Amino acid sequence: MALLIKNIRELLLAGEDMGGKACGRAMAQLPAVRDGFLFIRDGSIDDYGTMQEMDPGYARIPGLETIDAADKMVLPAWCDSHTHLVFPESREAEYIDKIRGLSYEDIAKRGGGILNSSRKMHQAGEEELFRDAMERLHEIMSYGTGAVEIKSGYGLNTEDEMKMLRVIRRLKENSPLSIRSTFLGAHAIPMEYKKDPRAYVDLIIAEMIPRVAAEGLADFIDVFCDRGFFSAEDTDRILNAGLKHGLRPKIHANELDYSGGIQVGVKYDALSVDHLEYTGREEIDALLGSQTMPTLLPGASFFLGMPYAPARKMIDAGLPVALASDFNPGSSPSGNMQLILSMGSILYRMLPEEALYAVTLNGAYAMDLHERLGTISRGKKANVLITKRIPTYSYLPYAYGSNKIETVILNGRIETTNK
Ligand code: NIG
Ligand code: FE
């Protein structure tokens, strides 16, 4: 199967040897080919360049499909490295409580929040969870997401955590998106363990991790390391146990306080530490020199009315930054990565170039998929977006709220066309 996209106004993030991630000042340098072509064969990016460089022999390839992208941009599909998009029910009743003045922590303390979803998860069948999550995948794909990480964490007991992870496995098998799964048994302390949280940590270590690993159900492990949830010490124990079973960490840290989560994540060579609203000099210093991707979730700060992570400080200090949706029913009920791109620019003051890196290559890195995804490079998987007619790529974060993507190509095949 061969697909040729020609007359592209600008082909973004096109280049070889771009490294696994973009850091600091390099995030403002976005490689682009003007008046370009992109040639896709057998699901991979075969070649690209300017129209003048295009091989005239393409026209003779039998069955070649050609798309004219005049006045349009072409770029890598979004890589959303942090979601909880397998969930049983929406939670708009809590949203109204929040409007009335309760905080995320107040709601959690009275048994709402994650524990509310956990009770519903226990009742939910795998079939309905799968069907609803497939619908969500379809929706985020229509906005341009081509790769997504999905966490468990609404089970909070061995059987229900495994149920969620089996649903994610089925999504991997049935969706054109590239999917990574993360075991998040340490998402909240279940009611019955409130008096003895350590016993729940013991259960995660002794029973959940070995079973999840034995069945190969997770690529990564996560802990919600924050005030009122899991301490840095709990996190240390859980990550240590996870690593023994080959599970690399990607953790929730410093959303509610300076929790020590960033430091413990770096200690265990986490692939990413996520949220990071409470990040100061010490945390930035810990991240500098590590291989850990700081991942920011502006949708959650926006939705909960909480402080924004200091993205500008991080990038100015030389760190890379990834942006993800955190799609979940409690703190960010949207997986629209175009909105996240805009929030990166509007709320974090990231330049369009920086925000574009954050939702492509750096997001791919945070899922350990940077060798296959996140840039337009020869040999990478052809997960590619064609925009509608837009004047510049800065229009993508600028015109927030509308769908600027016309065509979504995943694995070299056209999956969605928004006309
Ligand atoms: O990333 N902060 C912890 N976990 C999720 C929220 C999950 C929920 O409220 O259902 C988050 O924001
Ligand atoms: Fe999250």
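All figures in this text were calculated on a predicted structure; none of them were measured in a lab. Note on numbering: residues in each chain are counted from 1, in written sequence order. Chain labels run from A onward and ligand labels from 1 onward, assigned in the order the entries are written. Thresholds applied to this predicted model are a pLDDT of at least 70 for local features of residues and 80 or more for the giving and counting of side-chain atom pairs; totals over whole chains, interfaces and linings are not thresholded and use all residues. Processing note: side-chain calculations cover all non-hydrogen atoms of the structure and skip hydrogens and water entirely.

### Digging into the packing of aromatic side chains
Each pair of aromatic rings is reported with the distance of its centres and the angle of its planes. Using the following cut-off: Pairing of aromatic side chains requires ring centres within 6.5 Å, counting the rings of Phe and Tyr and the six-membered ring of Trp. Pairs whose planes differ by under 30 degrees are stacked, by over 60 edge-to-face, and all others tilted. Numbering of helices and strands runs from the N terminus, with a helix taken as a DSSP run of H or I at least four residues long and a strand as a DSSP run of E at least two residues long. Think of it in three bands: with a 1.4 Å probe and only protein chains considered, a residue is buried below 20% of the maximum accessible area for its type, exposed above 50%, and partly exposed in between. Two thresholds decide whether a charge sits over a ring: the Lys NZ or Arg CZ must be within 6 Å of the ring centre and within 35 degrees of the ring normal.
Enumeration according to the criterion identifies 10 aromatic pairs in this entry. Plain terms: the ring middles of Tyr 200 and Phe 230 are 6.3 Å apart, the flat faces sit at 40° to each other, and that makes the pair tilted. Placement of Tyr 200 in helix α6 (residues 197-214) and of Phe 230 in the loop between β9 (220-225) and α7 (232-244) is noted, with a sequence separation of 30 residues between them. Both residues of the pair, Tyr 200 and Phe 230, belong to the buried class. Taking NZ or CZ as reference, Arg 170 lies 3.8 Å from the ring centre of Phe 130, over its face.

### Description of the site of ligand 1
As a reminder, the rule being used: Any residue with a heavy atom positioned within 4 Å of a molecule or strand is treated as near that molecule or strand. Two N or O atoms count as a polar contact when they lie within 3.5 Å, although within protein this holds only if one can serve as hydrogen donor and the other as acceptor, and sequence-adjacent residues are included solely when both atoms are side-chain atoms. Per-residue and other accessible areas were derived by the Shrake-Rupley procedure at a 1.4 Å probe size, with only the shown protein chains allowed to occlude residues. In this count, Pro and Cys sit with the nonpolar residues alongside Ala, Val, Leu, Ile, Met, Phe, Trp and Tyr, while Asp, Glu, Lys and Arg are called charged and the others, Gly among them, polar.
Residues in contact with ligand 1 amount to 15 residues; listed here are only the nearest, Tyr 104, Tyr 154, His 187, Glu 255 and Ser 331. His 187 is positioned such that a nitrogen or oxygen atom in its side chain is 2.8 Å from a nitrogen atom of ligand 1. About the coverage of ligand 1: the protein hides 100% of its 330 Å² of free accessible area. Taken together, the residues of the shell around ligand 1 sort by class into 4 nonpolar, 8 polar and 3 charged.

### Here's the deal with the pattern of salt bridges
Under the convention used in this document: Salt-bridge detection follows one rule: a side-chain nitrogen of Lys or Arg within 4 Å of a carboxyl oxygen of Asp or Glu.
With the rule as written, the count across this model stands at 29 salt bridges. Of the charged contacts in the structure, one is a salt bridge between Glu 89 and Lys 120, with a shortest N-O distance of 3.8 Å. You can see Glu 89 sitting in the loop between β6 (78-80) and α1 (92-99) and its partner Lys 120 sitting in helix α3 (residues 114-123), a full 31 residues away along the chain. When its relative accessible area of 43% is taken as the criterion, Glu 89 is described as partly exposed. Accessibility expressed as a relative area gives 26% for Lys 120, which makes it partly exposed. Residue Arg 211 is joined to Glu 159 by a salt bridge in which the shortest nitrogen-to-oxygen separation is 3.2 Å. Here Arg 211 is found in helix α6, whereas its partner Glu 159 is found in helix α5 (residues 158-174), with 52 residues between them in sequence. When salt bridges that share partners are traced, they join Glu 16, Asp 47 and Arg 378 into one network.

### Re the environment of Asp 226
Condition: The contact criterion used throughout is that any non-hydrogen atoms of two residues lie within 4.5 Å.
Structurally, the position occupied by Asp 226 is in the loop between β9 and α7. Each C-alpha atom of the pair Asp 226 and Gly 260 lies 8.1 Å from the other, and the pair is 34 residues apart in sequence. Once you skip the residues sitting within four places of it in the chain, Asp 226 turns out to touch Ala 253, Asn 254, Glu 255, Leu 256, Asp 257 and Ser 259. Looking at Asp 226, its side chain comes within polar contact range of the main-chain nitrogen of Asn 254, at 3.4 Å. A polar side-chain atom of Asp 226 sits 3.1 Å from the main-chain amide nitrogen of Leu 256.

### Some details on the domain arrangement of the protein
This is how the line gets drawn: Each domain's limits were defined by an automated method or a database of domain assignments. Buried area is calculated as the accessible area (1.4 Å probe) missing from two parts once they are joined, with the contributions of both summed.
Partitioning the protein into domains gives domain 1 (2-77 + 375-417) and domain 2 (78-365). With centres defined by C-alpha atoms, the gap from domain 1 to domain 2 works out at 30 Å. In this assembly, 39 residues from domain 1 lie in contact with 36 residues from domain 2. Summed over both sides, the interface of domain 1 with domain 2 buries roughly 2,900 Å², with 66% coming from carbon and sulfur. In terms of surface lost to domain 2, no three residues of domain 1 exceed Lys 21, Met 27 and Pro 397, which account for 23% of the buried area on that side. The interface formed by domain 1 and domain 2 contains 0 salt bridges. Put simply, domain 1 and domain 2 have 13 residue pairs in polar contact (both at pLDDT 80 or more) between them. Elements supplying a minimum of two residues to the side of domain 1 that touches domain 2: β5 (72-76), α15 (395-398), β15 (405-410) and β16 (413-417).

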